[in-house]
Amino acid sequence: MKNIKTLVLLFILIGLFIPHLALTQTDAAEDYLVLHDRDTIYGTVNYINRKGFNYSFYKKLRIIDAKGKTKKYSQKKVRSFKAENIAYEGFWLSHSSEKLILLNPKYNITPQKGNHHFLKVVEKGILSHYQLEWFEQGESLLMQADLLKRENDMYFMRATQGLFGIKRKTLTSYFNDCPKLQQQISQKQMQNLEEIVNYYNETCAKQF
């Protein structure tokens, strides 16, 4: 009899726990928008206009709620969002993406000035890794540029150059606060950004 009561209690606890776990997992995977007043809106987020062959980013983000109703929000009103399980954060950059990509590895953060971009979050830490995304005119292929940012800096540094890989000279100068990392980059002991970001956050940052 005691064993039966124990089993009944166990099934009750399992019944209470499983729905909570499922709900938590659903919430974690759900898209959302975070507005500048910190309000969070859940639903399915659409930010790319995929009509035809000339893809582009919507000037107003779309979010579809559970009832199928669509609302639009200006990019300037949105602080961050998650779509298809990928997080994005909004920043004002002082130059257009074309000029930055071709001429200048440094992206200054200038609130309410320049051009507004949502950057894809790759890794967050004392040193964070983002990606700037864009579509070339008349193309549907999503282009990307890798950016790095230390937590107190008001700028990003472009870290890669397309097929040429990481920008070694730029990064060697950028990491003047960590000579060991500078040496490994310049001597080609590190071949990708994941290694560099992890080393900085796990080794260099502990020295500060």
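About the criteria used
- For every chain, the first residue of its written sequence is number 1, and the numbers climb from 1 along that sequence.
- Confidence filtering applies because this is a predicted model: local features only for residues at pLDDT of at least 70, side-chain atom pairs given and counted only at 80 or more, and all residues used for totals across whole chains, interfaces and linings.
- With hydrogens and water set aside, each side-chain value is computed from the structure's full complement of heavy atoms.
- For our purposes a nonpolar core is just a set of buried Ala, Val, Leu, Ile, Met, Phe, Trp, Tyr and Cys residues, chained together by side-chain atoms within 4.5 Å.
- Accessible area is worked out with a 1.4 Å probe on protein chains only. A residue is then buried under 20% of its type maximum, exposed over 50%, and partly exposed in between.
- Any pair of residues with heavy atoms lying within 4.5 Å of one another is described as a contacting pair.
- Definitions used for this entry: grid spacing 1 Å over protein atoms alone; cavity, a set of points where a 1.4 Å probe fits but cannot get out; pocket, an open set with protein on both sides within 12 Å along at least 5 of 7 lines; lining residue, one with an atom within 4 Å of a point.
- Grid points are joined across faces, edges and corners, and a volume is the space filled by probe spheres set on the points.
- Put simply, DSSP marks the helices as runs of H or I at least four residues long and the strands as runs of E at least two long, and each gets a number from the N terminus on.
- Ten residue types, Ala, Val, Leu, Ile, Met, Phe, Trp, Tyr, Cys and Pro, are classed as nonpolar, four, Asp, Glu, Lys and Arg, as charged, and the remainder, Gly among them, as polar.

Asks: Tell me about the nonpolar core, residues and numbers included.
Replies: Counting residues in each nonpolar core, the largest one holds 19 residues, and the members touching the most others are Leu-148, Leu-171, Tyr-174, Phe-175, Leu-181 and Ile-196. Setting aside anything within four residues of it in sequence, one finds Leu-181 in contact with Phe-175, Met-190, Ile-196, Tyr-199, Tyr-200 and Cys-204. Counting residues in each nonpolar core, the second largest holds 14 residues, with Tyr-47, Ile-48, Ile-63 and Tyr-88 among its members.

Asks: Got a sec to walk through the layout of surface pockets? Specific residues and values, please.
Replies: To locate leftover empty space, one rolls a probe as large as a water molecule over the atoms. Roughly 160 Å³ of internal volume is contained in the second largest pocket. Considering each element in turn, the lining of the second largest pocket owes the most residues, 4 residues, to strand β7 (residues 86-93). Its residues assigned to classes, the lining of the second largest pocket comprises 3 nonpolar, 4 polar and 2 charged.

Asks: Tell me what's going on with the environment of Lys-188, and back it up with residues and numbers.
Replies: Inspection of the secondary structure assignment puts Lys-188 in the loop between α4 (179-186) and α5 (193-204). With relative accessibility at 55%, the residue Lys-188 sits in the exposed group. Here the alpha-carbon distance between Lys-188 and Arg-168, two residues 20 residues apart in the chain, equals 8.3 Å.

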